[in-house]
Amino acid sequence: MKIKTRRYYVYYIARLFGFILLLLPIKFVSRLAASLGSIAFSILSKPRETTIENLRRVFPDKPEEEIQKIARGSFSNACRSLAEYANICKINKKNIDLWVNAHGLEKIDKAFTKGKGVIILTAHFGNWELV
């Protein structure tokens, strides 16, 4: 019962923050979220240590300073992605270019004019929901 009650509190607090985020400009929210991610990295010891340990396994040759920088950046990026997702309803055809950068579209257009099919490969940089 105690855990179920806590989930309700977390849910309603998250909804409240989501509503507040909708009232603020997207760019401000994105910067604020990145800062909050850095703060979360400092105070959430268990997720921080898990992230650092995973990065050490993936990058055994990287110096500890760089591992710490990557870990802090991943927390900031995760918070920024959540904040942007909360504001996704503000993004439209007029301002999408501020948030999504597509490179090489002319190559796709050229292939289509030749009557050929196209396979698009992309890396996961940033917020997938915006793409």
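Cut-offs used in this document
Residues numbered from 1 in each chain as written. Predicted model: local features only at pLDDT ≥ 70, side-chain atom pairs only at ≥ 80, totals over all residues. Heavy atoms only, no water. Salt bridge = Lys/Arg side-chain N within 4 Å of Asp/Glu carboxyl O. Helix = DSSP H or I, 4+ residues; strand = E, 2+ residues; numbered from the N terminus. Buried < 20%, exposed > 50% of the residue type's maximum accessible area, 1.4 Å probe, protein only. Axes fitted to C-alpha atoms, helices over the stretch in contact; angles between N-to-C directions. Parallel < 35°, antiparallel > 145°, perpendicular 65-115°, else oblique. Left-handed = near helix turned anticlockwise from the far one by under 90°. Contact = heavy atoms within 4.5 Å. Nonpolar A, V, L, I, M, F, W, Y, C, P; charged D, E, K, R; others polar.

## Describing the pattern of salt bridges
Applying the stated criterion across every chain, the model contains five salt bridges. Arg 57 is the partner of Glu 53 in a salt bridge, and the nearest nitrogen-oxygen pair spans 3.8 Å. On the criterion of helical spacing, the pair formed by Glu 53 and Arg 57 is a turn pair, its members being four residues apart in helix 3 (residues 45-58). Overall, Glu 53 belongs to the partly exposed group, its relative accessible area being 33%. The exposure class of Arg 57 is exposed, given its relative accessible area of 61%. When the shortest N-O distance is used, the salt bridge between Glu 64 and Arg 56 registers 2.7 Å. The class of Arg 56 is partly exposed, set by a relative accessible area of 33%. One network of salt bridges, in which partners are shared, links Glu 53, Arg 56, Arg 57 and Glu 64.

## Remarks on the packing of helix 2 (residues 26-43) against helix 4 (residues 64-86)
The N-to-C vectors of helix 2 and helix 4 enclose an angle of 135°; their axes lie 7 Å apart at closest approach. Taken together, the axes of helix 2 and helix 4 are oblique relative to one another. By crossing handedness, the relation of helix 2 to helix 4 is classed as right-handed. Where helix 2 approaches helix 4, its residues Val 29, Ser 30, Ala 33, Ala 34, Leu 36, Gly 37, Ser 38, Ala 40, Phe 41 and Ser 42 are matched on the opposing element by Gln 68, Ala 71, Arg 72, Phe 75, Ser 76, Cys 79, Arg 80, Ala 83 and Glu 84. Looking at the contact of helix 2 with helix 4 residue by residue, the classes come out as ten nonpolar, six polar and three charged.

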